[in-house]
Amino acid sequence: MDGDDDLAAMRGHPVGPRRARVRFIVRSLVPTVLGTHAAVAALYLWVVPPLGGMDELASRVALALRCGAVAALPYFAVCLVILTRRLFEGSHDPLAGADSTILRIEARVMQNTLEQLVAFALAILALATLLAPAQMHLLPIATGAFVVARLVYWWGYHRSGTLGRSPGVQMTFALTVPLVLGAGVLALARALS
């Protein structure tokens with residue numbers, strides 16, 4: 001596989017030659033973004049039926065909060081991994097600089113996942129107040145895709161270092177950016193009407 005050749009070319013250098021990095025990231029960009037959009041659209045249009053009981057705003061907000069809790073699972077999973085690693089590696093003081101490479105990766109995964117979780121949670125909470133009741137099945141679909149994207153990010157970071165993160169980052173952004181923009185556009189349209 002061509003992507004594996006790029007990874008092999010980068011071995012021996014922390015992030016590899018620039019051209020190889022760019023090639024690796026660009027090669028995964030189109031299939032990852034299009035695949036994420038296609039999967040979410042297929043699930044929304046043909047697989048997951050509209051949810052019942054979403055006529056009241058309180059029901060829609062409750063769904064968004066439950067989806068937010070599910071979306072937080074990868075964050076809490078990496079927190080537990082860090083807790084366990086710190087305990088067993090004896091790296092109890094993160095400021096001492098004695099963290100293993102794996103522990104530093106886990107800390108970066110935790111930080112990035114928290115950052116992405118905030119944007120995602122705000123978007124689904126806003127959408128819960130803006131979408132029609134028949135459109136609310138988008139929230140659990142997006143939540144499942146978010147969890148998968150964060151797990152791909154985590155796995156990729158361990159598998160292929162910093163460049164291995166790119167498919168997970170691309171999946172997360174392909175999901176979160178349209179949700180945030182959609183919420184913004186719907187809120188603006190509602191405010192102007």
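So, how was this worked out
Each chain has its residues counted from 1, following the order in which its sequence is written. Note on the predicted model: pLDDT of at least 70 is required for a residue's local features to be given, and 80 or more for side-chain atom pairs to be given and counted; whole-chain, interface and lining totals, by contrast, use all residues. To get the side-chain values, all heavy atoms of the structure are used, and hydrogens and water are removed first. Put simply, DSSP H or I for four residues or longer makes a helix, DSSP E for two residues or longer makes a strand, and each gets a number counted from the N terminus. A simple rule labels every residue: compare its accessible area, found with a 1.4 Å probe on the protein chains alone, to the largest value its type can have, and call it buried under 20%, exposed over 50%, or partly exposed in between. Whether two residues touch is decided by their heavy atoms; if any such pair falls within 4.5 Å, the residues are in contact. Here the Shrake-Rupley method, with its probe set to 1.4 Å, supplies the accessible areas, and only the displayed protein chains count as covering residues. Only four residue types enter the tally: Lys and Arg on the positive side, Asp and Glu on the negative side, with His and both chain ends excluded. Taken as the charge location is NZ of Lys, CZ of Arg, CG of Asp or CD of Glu. Geometry of aromatic contacts follows a simple scheme: Phe, Tyr and Trp rings, the Trp one being its six-membered ring, pair when their centres are within 6.5 Å, and the pair is stacked under 30 degrees between planes, edge-to-face over 60, tilted otherwise. Each ring is checked for a lysine NZ or an arginine CZ that lies within 6 Å of its centre and within 35 degrees of its normal; such an atom marks a charge sitting over the ring. Take the residue count of a helix, subtract one, and multiply by 1.5 Å to get its expected span. Arc definition: directions from the helix axis to the C-beta atoms. When a carboxyl oxygen of Asp or Glu is within 4 Å of a side-chain nitrogen of Lys or Arg, the pair counts as a salt bridge. Known as pLDDT, the predictor's confidence for each residue is given on a scale from 0 to 100. To define a nonpolar core, start from buried Ala, Val, Leu, Ile, Met, Phe, Trp, Tyr and Cys residues and group those joined through side-chain atoms within 4.5 Å.

1. Examining the overall build of the protein chain
Here is step 1: Secondary structure assignment for the protein chain yields seven helices and zero strands.
Here is step 2: Along the three orthogonal principal directions, the C-alpha set of the protein chain runs to about 55 × 40 × 30 Å.
Here is step 3: Every one of the 193 residues in the protein chain was classed for burial, and the buried ones make up 36%.
Here is step 4: A separation of at least 24 residues holds for 72% of the contacts in the protein chain among residues at least 6 apart in sequence.
Here is step 5: When the accessible surface of the protein chain is split by element, carbon and sulfur atoms take 70% of a total near 10800 Å².
Here is step 6: Taking the average location of the 16 positive side-chain charges in the protein chain and that of its 11 negative ones, the two points are 5 Å from each other.

2. Considerations on the packing of aromatic side chains
Here is step 1: Using the criterion set out here, one finds three aromatic pairs in the structure.
Here is step 2: Ring geometry for F120 versus F146: centroids 4.4 Å apart, planes at 15°, classification stacked. Of the two residues, F120 is situated in helix 5 (residues 101–130) and F146 in helix 6 (residues 138–164); the sequence distance between them amounts to 26 residues.
Here is step 3: Owing to a relative accessible area of 0%, F146 belongs among the buried residues under this scheme.
Here is step 4: Directly above the aromatic system of Y153 lies the positively charged group of R150, at a separation of 4.3 Å from the ring centroid.
Here is step 5: When the ring centre of Y157 is taken as origin, the NZ or CZ atom of R165, which lies over that ring, is 5.2 Å away.

3. Some remarks on helix 4 (residues 73–89)
Here is step 1: Between its first and last C-alpha atoms helix 4 spans 24 Å; for 17 residues at 1.5 Å apiece the expected length is 24 Å, and the two agree.
Here is step 2: Buried within helix 4 are the following residues: P74, Y75, V78, I82 and R86. Around the axis of helix 4, the buried residues are gathered within 110° of arc, so they sit on the same side. Across helix 4 from its buried face, at more than 90 degrees, point the exposed residues L73, L80, L83, L87 and F88.
Here is step 3: Where helix 4 is buried, its residues touch helix 3 (57–71), helix 5 and helix 6.
Here is step 4: G90 sits one or two residues past helix 4 and shows a positive phi near 75°.

4. Considerations on the pattern of salt bridges
Here is step 1: Overall, the coordinates contain three salt bridges when judged by the stated rule.
Here is step 2: Among the ionic pairs, E106 bridges to R85, the shortest N-O distance being 3.9 Å. Placement of the pair is E106 in helix 5 and R85 in helix 4, with a sequence separation of 21 residues.
Here is step 3: The buried category is assigned to E106, whose relative accessible area is 3%.
Here is step 4: Take R85: its relative accessible area is 28%, and that puts it in the partly exposed class.
Here is step 5: Residues R86 and D99 are paired through a salt bridge, measuring 2.9 Å at the closest nitrogen-oxygen approach. You can see R86 sitting in helix 4 and its partner D99 sitting in the loop between helix 4 and helix 5, a full 13 residues away along the chain.

5. Some thoughts on the confidence of the model for the protein chain
Here is step 1: Of all residues in the protein chain, 92% have pLDDT values of 70 or greater, and the mean over the chain is 90.
Here is step 2: For the protein chain, per-element mean pLDDT is lowest for helix 1 (residues 2–10), which scores 48, and highest for helix 3, which scores 98.

6. Observations concerning the side chain of T176
Here is step 1: Checked against the element boundaries, T176 lands in helix 7 (residues 166–192).
Here is step 2: Residue class for T176 comes out buried when judged on its relative accessible area of 5%.
Here is step 3: When neighbours within four sequence positions are excluded, T176 is seen to be in contact with A119, F120 and F146.

7. Re the nonpolar core
Here is step 1: Core analysis: the biggest nonpolar cluster contains 26 residues, and F120, M136, L139, L175 and L179 have the highest contact counts within it.
Here is step 2: Broken down by secondary-structure element, the contributors of at least two residues to this core are helix 3, helix 5, helix 6 and helix 7.
Here is step 3: Among the elements that take part in this core, helix 5 stands out by supplying seven residues, more than any other.

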